[in-house]
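# Structural characterization, general
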Amino acid sequence: MATDTHKLKEHLWEKLENGPFTMVGLHDGSSHSEPLTAQLDKDQVDTLWFFIGKDNRLAKGGDATVNFVAKGQDFFASLSGTATVDNNPAMIDKLWSRQVEAWFPGGKADPNLALLRFDISDAELWEADVSLIGQLKMLFGGKIKPEESGSHAVVSNTTI
């Protein structure tokens, strides 16, 4: 199966919209990844946003990785880039929701509120789109050929 990189990038954003839960970690060696909800801005498709507490270990920023598994476990992404706190009031307003407010009782003025910006530098994307023949082989213990398994791409950006 030929890899359609453009289609994989489109699927990344569709899947994130349907289930924006990720694991985010810094490359500083001092901490594990932690679950965060990605906030998406369609005007900045090479950037993910996360509301965190100023006391969160990710607030110091640096080289980071965001890992994502879609709800249906049919799409996977490992995104590399840089995390920085960017408390731009316009972005906070744009991305604010009731779900975010549940975590920050002081609202947008909560003294512990920080907006973490993750700029994607490169990504590896996998889509499990096992063919019907491949599914039958899995049921009965056969070997799946690469063309029956899905798509994979290493990309330098996630711009569609």
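Right, let's walk through the structure included here. The residue count restarts for each chain, going from 1 along the sequence in the order it is written. Totals for whole chains, interfaces and linings use every residue, but because this is a predicted model, local features are given only for residues with pLDDT of at least 70 and side-chain atom pairs only at 80 or more, for both listing and counting. Calculation of side-chain values draws on the structure's entire complement of heavy atoms; hydrogens and water are dropped beforehand.

### Notes on the overall build of the protein chain
- Tallying secondary structure elements over the protein chain gives 4 helices and 8 strands in all.
- Helices (α) and strands (β) of the protein chain occur, in sequence order from the N terminus, as α-β-β-β-β-β-β-α-α-β-α-β.
- The classification of residues rests on relative accessible area computed with a 1.4 Å probe and restricted to protein chains. Under 20% of the type maximum is buried, over 50% is exposed, and intermediate values are partly exposed. Out of the 160 residues in the protein chain, the part that is buried amounts to 40%.
- Long-range pairs, those at least 24 residues apart, make up 70% of the contacts in the protein chain between residues at least 6 apart in sequence. What counts as a helix is a DSSP run of H or I of at least four residues, what counts as a strand is a run of E of at least two, and both are numbered from the N terminus. Contacts are assigned to residue pairs that have any heavy atoms within 4.5 Å of one another.

### Remarks on the pattern of salt bridges
- A pairing counts as a salt bridge when a side-chain nitrogen of Lys or Arg comes within 4 Å of a carboxyl oxygen of Asp or Glu. Under the defined criterion, the tally for this structure stands at 9 salt bridges.
- The residue Lys-42 makes a salt bridge to Glu-17 at a minimum N-O spacing of 2.4 Å. One end of the pair, Lys-42, is in the loop between strand 3 (39-40) and strand 4 (47-53); the other, Glu-17, is in helix 1 (residues 5-18), with 25 residues separating them in the sequence.
- On the basis of relative accessibility, which here comes to 66%, the residue Lys-42 falls in the exposed class.
- Note that Asp-41 and Lys-94 form a salt bridge whose closest N and O atoms lie 2.8 Å from each other.

### Things to note about the nonpolar core
- Take the buried residues of types Ala, Val, Leu, Ile, Met, Phe, Trp, Tyr and Cys, join any two whose side-chain atoms come within 4.5 Å, and each joined set is a nonpolar core. Residues Leu-12, Leu-48, Phe-50, Phe-75, Leu-79, Phe-118 and Leu-125 are the most contacted members of the largest nonpolar core, which totals 26 residues.
- Elements with a minimum of two residues in this core: helix 1, strand 1 (21-26), strand 4, strand 5 (62-69), strand 6 (75-85) and strand 7 (113-128).
- Among the elements that make up this core, the one with the highest residue count is strand 7 (6 residues).
- Listed in part, the 10 residues of the second largest apolar core include Phe-51, Met-91, Trp-96 and Val-100.

### Some thoughts on the pairing of strand 4
- For strand 4, the tally of buried residues reaches 7 of 7 residues, placing the bulk of the element in the interior.
- With burial as the criterion, each face of strand 4 is covered, one bearing Thr-47, Trp-49, Phe-51 and Gly-53 and the other bearing Leu-48, Phe-50 and Ile-52.
- Should DSSP find at least two bridges between two strands, the strands are taken to pair. Bridging between strand 3 and strand 4 involves 2 bridges; their strand directions are antiparallel. Its bridge partner lying in strand 4, Leu-40 is registered against Leu-48.
- Where strand 3 hands over to strand 4, the hairpin turn is made up of 6 residues, counted between the paired strands.
- In this structure, strand 4 lies alongside strand 7, joined through 7 bridges in antiparallel fashion. Within strand 7, the residue paired with Trp-49 across the bridge is Arg-117.

### Remarks on unusual backbone geometry
- Unusually for a residue other than glycine, Gln-73 sits at a positive phi of about 55°.
- Note that Gln-73 resides in the loop between strand 5 and strand 6.

### What to know about the environment of Lys-108
- Tracing the chain through its elements places Lys-108 in the loop between helix 3 (98-103) and strand 7.
- According to the relative accessible area criterion, Lys-108 is partly exposed, its value standing at 42%.
- As for Lys-108 and Trp-96, which are separated by 12 residues in sequence, their C-alpha atoms are 7.9 Å apart.
- Sequence-distant contacts of Lys-108, that is, excluding residues within four places in its chain, are made with Ile-92, Asp-93, Trp-96 and Leu-113.
- Two N or O atoms count as a polar contact when they lie within 3.5 Å, although within protein this holds only if one can serve as hydrogen donor and the other as acceptor, and sequence-adjacent residues are included solely when both atoms are side-chain atoms. A polar atom in the side chain of Lys-108 sits 3.1 Å from the side chain of Asp-93.

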